[in-house]
Amino acid sequence: MIAVLKSGTTPDQVQHLVAWLKNMSLDVHISEGAEVTVLGLIGDTSRVDMDLLKSLDMVETVKRVSEPFKQANRKFHPNDSIINAGDVRIGRGYFAMIAGPCSVESEEQIIEVATAVKASGANILRGGAFKPRTSPYAFQGMKGEGIQLLLKAKQATGLPIVTEIMNISTLDLFADVDIIQVGARNMQNFDLLKELGKTRKPILLKRGLANTLQELLMSAEYIMSEGNENIILCERGIRTFETYTRNTLDLSAVAALHELSHLPVVVDPSHATGKAKMVSPMACAAVAAGADGLMIEVHNNPSCALCDGAQSLTPQQFDDVCQRVNRIREAMA
Ligand code: PEP
Ligand code: MN
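Calculation criteria
- Residues numbered from 1 in each chain as written.
- Chains lettered and ligands numbered in written order.
- Predicted model: local features only at pLDDT ≥ 70, side-chain atom pairs only at ≥ 80, totals over all residues.
- Heavy atoms only, no water.
- Core = buried A, V, L, I, M, F, W, Y, C linked by side-chain atoms within 4.5 Å.
- Buried < 20%, exposed > 50% of the residue type's maximum accessible area, 1.4 Å probe, protein only.
- Helix = DSSP H or I, 4+ residues; strand = E, 2+ residues; numbered from the N terminus.
- Contact = heavy atoms within 4.5 Å.
- Phe/Tyr/Trp six-rings, centres within 6.5 Å; stacked < 30°, edge-to-face > 60°.
- Pairing = 2+ DSSP bridges.
- Axes fitted to C-alpha atoms, helices over the stretch in contact; angles between N-to-C directions.
- Donors = N, O, S within 2.8 Å, 3.2 Å for Na, K, Ca; no water.
- Near = heavy atom within 4 Å.
- Polar contact = N/O pair within 3.5 Å; in protein donor to acceptor, adjacent residues only side chain to side chain.
- Areas by Shrake-Rupley, 256 points an atom, 1.4 Å probe, with all protein chains shown as cover.
- Nonpolar A, V, L, I, M, F, W, Y, C, P; charged D, E, K, R; others polar.

Student: Before we go on, may I ask you to explain the nonpolar core in this structure?
Tutor: Considering soluble globular proteins, one finds that nonpolar side chains tend to be buried as a cluster. One finds Leu205, Leu233, Leu294, Ile296 and Phe318 to be the most contacted residues of the largest nonpolar core, which totals 63 residues. Ranked by residue count, the leading element in this core is helix H6 (residues 213–224), at 6 residues. Ranked by size, the runner-up nonpolar core spans 17 residues in total, among them Leu21, Leu26, Leu53 and Val62.

Student: Please clarify how the side chain of Ser261 should be interpreted in this entry.
Tutor: One can find Ser261 in the loop between helix H7 (252–260) and strand E13 (265–267). In this view, Ser261 contacts Ala72, Asn73, Arg74, Leu217 and Leu233; residues no more than four positions away in its chain are not counted.

Student: It is not clear to me how the packing of aromatic side chains should be interpreted in this structure. Could you clarify?
Tutor: For any pair of aromatic rings, the description rests on two quantities: the centre-to-centre distance and the angle between the ring planes. The final tally for this structure, using the stated rule, is 2 aromatic pairs. Seen from their ring centres, Phe130 and Phe174 are 6.2 Å apart, and the 25° between their planes marks the pair as stacked. Pair noted here: Phe130 is in the loop between strand E8 (124–126) and helix H4 (143–157) and Phe174 is in the loop between strand E9 (161–164) and strand E10 (179–182), with a separation of 44 residues, a long-range link. Across the pair, Phe174 and Phe130 agree in class, each one buried. On the basis of an interplanar angle of 25° and a centroid distance of 4.4 Å, the ring pair of Phe190 and Tyr222 is categorised as stacked.

Student: Even after reading the chapter, I still don't get the sheet that holds E13, so can you show me in this structure?
Tutor: The pairing of strands in a sheet happens through backbone hydrogen bonds and is either parallel or antiparallel. Strand order in the closed barrel formed by 8 strands is E7-E8-E9-E10-E11-E12-E13-E14, and the pairing between neighbours is parallel. Averaged over neighbouring strand pairs, the angle between their axes works out to 25° when direction is ignored. Pairing geometry for strand E12 (residues 231–235) and E13, over 3 bridges, is parallel. Following the sheet pairing, Leu233 is matched in E13 by Val265.

Student: How should the coordination of the manganese ion (ligand 2) be read in this particular structure?
Tutor: For a metal with four tetrahedral donors the ideal donor-metal-donor angle is 109.5 degrees, whereas six octahedral donors ideally subtend 90 or 180 degrees. Distances from the manganese ion (ligand 2) to its protein donors, Cys102 (SG), His271 (NE2), Glu297 (OE) and Asp308 (OD), fall at 2.0 to 2.4 Å. Counting gaps between the donor residues of the manganese ion (ligand 2) yields the pattern C-x168-H-x25-E-x10-D. Of this pair, Cys102 sits in the loop between strand E7 (96–100) and helix H3 (107–120) while His271 sits in helix H8 (residues 269–273); the two residues are 169 residues apart in sequence, bridging distant segments of the chain. As far as burial versus exposure is concerned, Cys102 and His271 are alike and both buried.

Student: Explain the pairing of strand E1 (residues 2–5) here, please?
Tutor: Residues in a regular strand project their side chains so that they alternate between the two faces of the sheet. Here E1 runs beside strand E4 (residues 59–63); their pairing, made up of 4 bridges, is antiparallel. The residue of E4 that forms the bridge with Leu5 is Val59. In this sheet, strand E3 (residues 37–42) lies alongside E1 in antiparallel orientation, the contact comprising 3 bridges. Residue pairing in the sheet places Val4 in a bridge with Val38 of E3.

Student: Can you help me understand the site of ligand 1 in this one?
Tutor: Inspection of the region around ligand 1 gives Arg126, Lys131, Glu164, Gln181, Gly183, Ala184, Arg185, Lys206, Arg236, His271 and Met295 as its neighbouring residues. Between ligand 1 and the protein, one listed contact pairs an oxygen atom with a side-chain N or O atom of Lys131 at 2.9 Å. Arg236 is positioned with one of its side-chain polar atoms (N or O) 2.6 Å from an oxygen atom of ligand 1. Coverage of ligand 1 by the protein amounts to 97% of the 300 Å² it exposes when considered alone. Class assignment for the residues of the shell around ligand 1 results in 2 nonpolar, 3 polar and 6 charged.

Student: I tried to follow the side chain of Lys206 on my own but got confused; where do I start?
Tutor: Its location among the elements puts Lys206 in strand E11 (residues 203–206). On the basis of relative accessibility, which here comes to 4%, the residue Lys206 falls in the buried class.

As structure tokens, this is what we get:
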């Protein structure tokens, strides 16, 4: 439930009202805009007398929020959120160009790729250290050592880094990681989400292979309900009957998530298509649809990649994507 207060309501009156609402075992999220203050009532609002609330002098309107996600909901946080990662901002016009290999494989590899993608315009470096693989016999990532190599690449290039967590027991290893990724397969690992909610790290939350947008937003809500509001949503394709592509890129998710939520939305055309040749057109389409960023897999030698070589771009191909994306962003500005 959302209560919009009349302009001119004093901080004292707001505090008084908040105390009264909290007395009904509700959490109250206060959003102060330039003109109006909006209260988001979280919890069991069934006991709140809407008519009584509406009748108060300081209250402009009261609305029930039908969606079950509250803190991620644009209805009571009308402005786009901006997420800070290192000195990079994401959202409300700030664009994230996240690039790097599927997996960190060696110091030379990650430094070479990081240097190349930075020169082309990437502002965040990706690289998997803990890899969720379909087969237990496939390369599982360099784990803690992979994170150390990412930190070296961060030091060498100045790029903030994003890497995936699979188990909360490894959280200590992520102390200097700028953005923690929750991969598609863990989108509904609610215990993991709740623990990440207790940190203040930016979280890149990827949509699950077979999850609805509402389920994605409810997963964001798990993190936010523990106090961490630094979330970036990621559309990375969903599973459909189509087999030509690895997944089916749901670009309508960008527009829908922007309508439903204030959180930034980035698109991963690499995992969405599984094909290097399709990354550029889908990256362009995502930008045209209003994405707040892209996440693209780049490898210095895709044919020898230990993971996802078929969808990885060479640094030169990535450079070409950056130029196209820049032209589209300029045209849209
Ligand atoms: C990844 O980004 O490395 C990854 C494993 O992606 P997803 O979780 O979207 O499959
Ligand atoms: Mn990958």
